[in-house]
Amino acid sequence: MTKPKFSRIIPIALILIIVAVSIAALVSLARTVFFSGTIAQKSVDISKESLLNTSVNYSVALIVRGPIVANESFSSYQIKVAPNSRSLTVYSGYLNQISNNIVLDNNIPAYEQFVYALDKANMEKGTELSGNKNDLRGICASGFVYEYKILKSDSSIKSLWSSSCSGSRGSLDASVNQLNKLFMAQIPDSSDIINKIW
């Protein structure tokens, strides 16, 4: 008597399990289709909020690497701007020995105007690459590589890059010239200093 009841329960249990798995798969698919844009939008919003944040632990930086040459001839520089400071640091060689360093004061209203100008120039526009696509070693060996960073306590929130080589477009979706001019304008006479590097 118990065997026929048991044999009826097994197919019903299997059907219920299949229905539950199917519903879970449909819900997962619906989330992917309808909400994936929302997740990407949240990521953009976080980087934009961080860019426009004028708290003292936030900052932005431009790092420019020159052509890949002998260690004695290699140069790079960084312009970093924070709500309370601005700096231009020139490096010699691949070990980043400081050959010139200018540090200036800043204030929150000046920083606010600057980061809003960077936002209007789309500094946070682009998708960070991963793995080998984000490995800058050897990229654009005869030209220049430009990195743009949004930082919190010197840790990168978003980092995008581009180069002067047409075959290495990078992750930045904005005008390098426009962004570089904005950064250089933060340090008086920076163009004179930078022109002497290369």
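The preceding data block contains the structure.
Residues numbered from 1 in each chain as written. Predicted model: local features only at pLDDT ≥ 70, side-chain atom pairs only at ≥ 80, totals over all residues. Heavy atoms only, no water.

Asker: For this particular structure, what's the right way to read the pairing of strand 5 (residues 145-152)?
Answerer: For a regular strand, side chains alternate in direction, first toward one face of the sheet and then toward the other. Most of strand 5 is tucked away, with seven of its eight residues classed as buried. Relative to strand 6 (residues 155-163), strand 5 runs antiparallel, the two sharing eight bridges. Within the sheet, the bridge partner assigned to Tyr 146 lies in strand 6 and is Ser 162. Taking the residues between adjacent antiparallel strands as the criterion, strand 5 and strand 6 are bridged by two residues, where Ser 153 takes a positive phi near 50 degrees. (Buried < 20%, exposed > 50% of the residue type's maximum accessible area, 1.4 Å probe, protein only. Helix = DSSP H or I, 4+ residues; strand = E, 2+ residues; numbered from the N terminus. Pairing = 2+ DSSP bridges.)

Asker: Help me understand a nonpolar patch on the surface in this model?
Answerer: There is a patch of nonpolar side chains on the surface, built from Ile 10, Leu 14, Ile 17 and Val 21 and spanning about 370 Å² of accessible area. Tracing the backbone shows Ile 10 in helix 1 (residues 2-52). On the basis of relative accessibility, which here comes to 39%, the residue Ile 10 falls in the partly exposed class. (Patch = residues over 30% accessible without salt bridge, like charges linked within 9 Å, V, L, I, M, F, W, Y side chains within 5 Å. Areas by Shrake-Rupley, 256 points an atom, 1.4 Å probe, with all protein chains shown as cover. Salt bridge = Lys/Arg side-chain N within 4 Å of Asp/Glu carboxyl O.)

Asker: Could you clarify how one ought to interpret the state of the cysteines in this entry?
Answerer: One way to say it: the disulfide is the covalent bond shared by the sulfur atoms of two cysteines. Scanning the entire structure with this criterion turns up one disulfide. Two residues, Cys 140 and Cys 165, share a disulfide whose sulfurs are 1.9 Å apart. Looking down the S-S bond of the Cys 140 and Cys 165 bridge, the torsion is 75 degrees, so its handedness is right-handed. Of this pair, Cys 140 sits in the loop between helix 2 (108-120) and strand 5 while Cys 165 sits in the loop between strand 6 and helix 3 (176-184), and the two are 25 residues apart along the sequence. The exposure classification of Cys 140 matches that of Cys 165, with both residues buried. (Disulfide = S-S within 2.5 Å.)

Asker: Explain the packing of aromatic side chains to me, please; I cannot follow it from the model alone.
Answerer: Given two aromatic rings, their pairing is described by the distance between the two centres and the angle made by the two planes. In total, this model carries five aromatic pairs according to the counting rule given. With a centroid separation of 4.0 Å and 15 degrees between ring planes, the pair formed by Phe 74 and Tyr 94 is classed as stacked. Here Phe 74 is found in the loop between strand 1 (58-65) and strand 2 (75-82), whereas its partner Tyr 94 is found in the loop between strand 3 (85-92) and strand 4 (97-105), with 20 residues between them in sequence. Judged by its relative accessible area of 4%, Phe 74 is buried. Pairwise contacts between aromatic rings join Tyr 77, Phe 144 and Trp 198 into one cluster. (Phe/Tyr/Trp six-rings, centres within 6.5 Å; stacked < 30°, edge-to-face > 60°.)

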